[in-house]
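One letter stands for each residue in the lines below.
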Amino acid sequence: ETGVTQTPRHLVMGMTNKKSLKCEQHLGHNAMYWYKQSAKKPLELMFVYSLEERVENNSVPSRFSPECPNSSHLFLHLHTLQPEDSALYLCASSQDPGIGNQPQHFGDGTRLSIL
Amino acid sequence: EDQVTQSPEALRLQEGESSSLNCSYTVSGLRGLFWYRQDPGKGPEFLFTLYSAGEEKEKERLKATLTKKESFLHITAPKPEDSATYLCAVPSQGGSEKLVFGKGTKLTVNP
């Protein structure tokens, strides 16, 4: 496997369910990100992890809970979501944290639908 | 506040009809500008990084240029396979890891 892989690709869940999104990067990068992409809106940064430490939380509701057990894996735990949380959730990684001017490489996302 | 504006929102071209997409930004102390391509159902695919005014990068039919206030993505003699949404992003001020994205330009190239 190369690049950034995300699973599952599609997820349908009820508002009371608990589920997790998984991201794995095979690029040897040290920073990982979660983004939300909704129709007609720019990508919204949710969380940033640098060397497994959360360095940015962009005012995201507590019903989204990230976890970064090592520099290659990133999870987004979901619980008690709302219909407006339906979106494409994208994971990305970049080489060196703290520089901020390096390109981020994205996975193909998880399409999340909340019933 | 950091802002990235892309225009037009959508662009339809005939195969072979060259054109340009625009990305204007308001962030001060630019530390780089990124162009991405996104196909339906996929994540953004990195195309170019531009770091300073006057810089140009090329890849096949695409050429990206940068000035102090905006960037252009020039598409020369496009083909239907160039159809995609093109995204522009800049690092936020203050040295954070945050990228500020525009809403994108949806390009359709008809055969």
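Up top is the structure.
Everything in this summary refers to the structure shown in the same document. Worth saying up front: this structure is predicted, and the values here are computed from it rather than measured.

**Concerning the overall build of chain B**
Then step 1. Helix and strand content of chain B: zero helices and eleven strands.
Then step 2. Secondary structure elements in chain B, listed N-terminal to C-terminal, are β-β-β-β-β-β-β-β-β-β-β.
Then step 3. In terms of C-alpha radius of gyration, chain B reaches 14 Å, essentially the compact-globule figure of 13 Å for 111 residues.
Then step 4. Projected onto its principal axes, the C-alpha coordinates of chain B cover approximately 45 × 30 × 20 Å.
Then step 5. The proportion of buried residues among the 111 residues of chain B is 46%.
Then step 6. Counting only contacts in chain B whose residues sit at least 6 apart along the sequence, the fraction spanning at least 24 positions is 55%.
Then step 7. Of the roughly 5,300 Å² that chain B leaves accessible, carbon and sulfur atoms contribute 47%.
Then step 8. Positive and negative charge centroids in chain B, built from 14 and 15 side chains respectively, lie 2 Å apart.

**Points about the state of the cysteines**
All names here are of chain A.
Then step 1. Across all of its chains, the model carries two disulfides over all chains by this definition.
Then step 2. Note on cysteine connectivity: Cys-23 is disulfide-linked to Cys-91, with sulfurs 1.9 Å apart. Here the S-S torsion is close to -70°, and the disulfide linking Cys-23 with Cys-91 is therefore left-handed. Pair noted here: Cys-23 is in strand E3 (residues 18–25) and Cys-91 is in strand E9 (residues 87–94), with a separation of 68 residues, a long-range link.
Then step 3. Overall, the relative accessible area of 0% leaves Cys-91 in the buried class.

**Description of the sheet that holds strand E7 (residues 64–70) of chain A**
All names here are of chain A.
Then step 1. Spatial ordering of the open sheet is given by E1-E3-E8-E7, a layout of four strands whose pairing is antiparallel. Among the strands making up the open sheet, the edge pair consists of strand E1 (4–7) and E7. Averaged over all pairs of adjacent strands, the angle between strand axes in this sheet comes to 20°, irrespective of strand direction.
Then step 2. Two elements, E1 and E3, share four bridges in a ladder whose sense is antiparallel. Bridge pairing links Val-4 to Gln-25 in E3.

**Quick word on the interface of chain A and chain B**
Then step 1. Each partner contributes residues to the interface: chain A has 27 residues there, and chain B has 21 residues.
Then step 2. In this assembly, chain A packs against chain B so that about 1,900 Å² is buried in total across both faces, 52% of it on carbon and sulfur atoms.
Then step 3. Put simply, chain A and chain B have one salt bridge between them.
Then step 4. The salt bridge partner of Lys-42 of chain B is Asp-108 of chain A, with a shortest N-O separation of 4.0 Å.
Then step 5. For the pair chain A and chain B, the number of links is four residue pairs in polar contact (both at pLDDT 80 or more).
Then step 6. Counting residues per element, the side of chain A that touches chain B draws most heavily on strand E4 (residues 31–37) of chain A, at three residues.
Then step 7. Grouping the constituent residues of the side of chain A that touches chain B by class yields 13 nonpolar, nine polar and five charged.

**Re the pairing of strand E11 (residues 110–114) of chain A**
Residue and element names in this part refer to chain A.
Then step 1. Burial of E11 is one-sided: the residues Thr-110, Leu-112 and Ile-114 facing one way are buried, the residues Arg-111 and Ser-113 facing the other way are not.
Then step 2. Here four bridges tie strand E2 (residues 10–13) to E11, and the two strands are oriented parallel to one another. Paired with Val-12 across the bridge in E11 is Ser-113.
Then step 3. Sheet topology places E9 next to E11; three bridges connect them, and they run antiparallel. In the strand pairing of E11, Leu-88 is matched with Arg-111.

**Re the side chain of Ser-94 of chain A**
Residue and element names in this part refer to chain A.
Then step 1. Topologically, Ser-94 is positioned in strand E9.
Then step 2. A residue is classified by how much of its surface remains accessible, and Ser-94, at 2% relative accessible area, is buried.
Then step 3. Contact partners of Ser-94, with chain neighbours within four places excluded, come to His-29, Asn-30, Ala-31, Tyr-33, Pro-103 and Gln-104.

**Observations concerning the nonpolar core**
Then step 1. Leu-33, Trp-35, Leu-73 and Tyr-86 of chain B are the most contacted members of the largest nonpolar core, which totals 24 residues.
Then step 2. Only strand E2 (10–14), strand E3 (19–25), strand E4 (33–38), strand E5 (45–50), strand E7 (62–66), strand E8 (70–75), strand E9 (84–91) and strand E11 (105–110) of chain B provide two or more residues apiece to this core.
Then step 3. Counting 22 residues, the second largest nonpolar core, distinct from the first, contains Met-32, Leu-74, Cys-91 and Leu-112 of chain A.

Analysis parameters
- Residues numbered from 1 in each chain as written.
- Chains lettered and ligands numbered in written order.
- Predicted model: local features only at pLDDT ≥ 70, side-chain atom pairs only at ≥ 80, totals over all residues.
- Heavy atoms only, no water.
- Helix = DSSP H or I, 4+ residues; strand = E, 2+ residues; numbered from the N terminus.
- Rg over C-alpha atoms; globule rule 2.2 N^0.38 Å.
- Buried < 20%, exposed > 50% of the residue type's maximum accessible area, 1.4 Å probe, protein only.
- Contact = heavy atoms within 4.5 Å.
- Areas by Shrake-Rupley, 256 points an atom, 1.4 Å probe, with all protein chains shown as cover.
- Lys, Arg positive; Asp, Glu negative; His and termini not counted.
- Charge placed at Lys NZ, Arg CZ, Asp CG, Glu CD.
- Disulfide = S-S within 2.5 Å.
- Pairing = 2+ DSSP bridges.
- Axes fitted to C-alpha atoms, helices over the stretch in contact; angles between N-to-C directions.
- Buried area = accessible area lost by both parts, 1.4 Å probe.
- Salt bridge = Lys/Arg side-chain N within 4 Å of Asp/Glu carboxyl O.
- Polar contact = N/O pair within 3.5 Å; in protein donor to acceptor, adjacent residues only side chain to side chain.
- Nonpolar A, V, L, I, M, F, W, Y, C, P; charged D, E, K, R; others polar.
- Core = buried A, V, L, I, M, F, W, Y, C linked by side-chain atoms within 4.5 Å.

None of this, on its own, says anything about what the molecule does.
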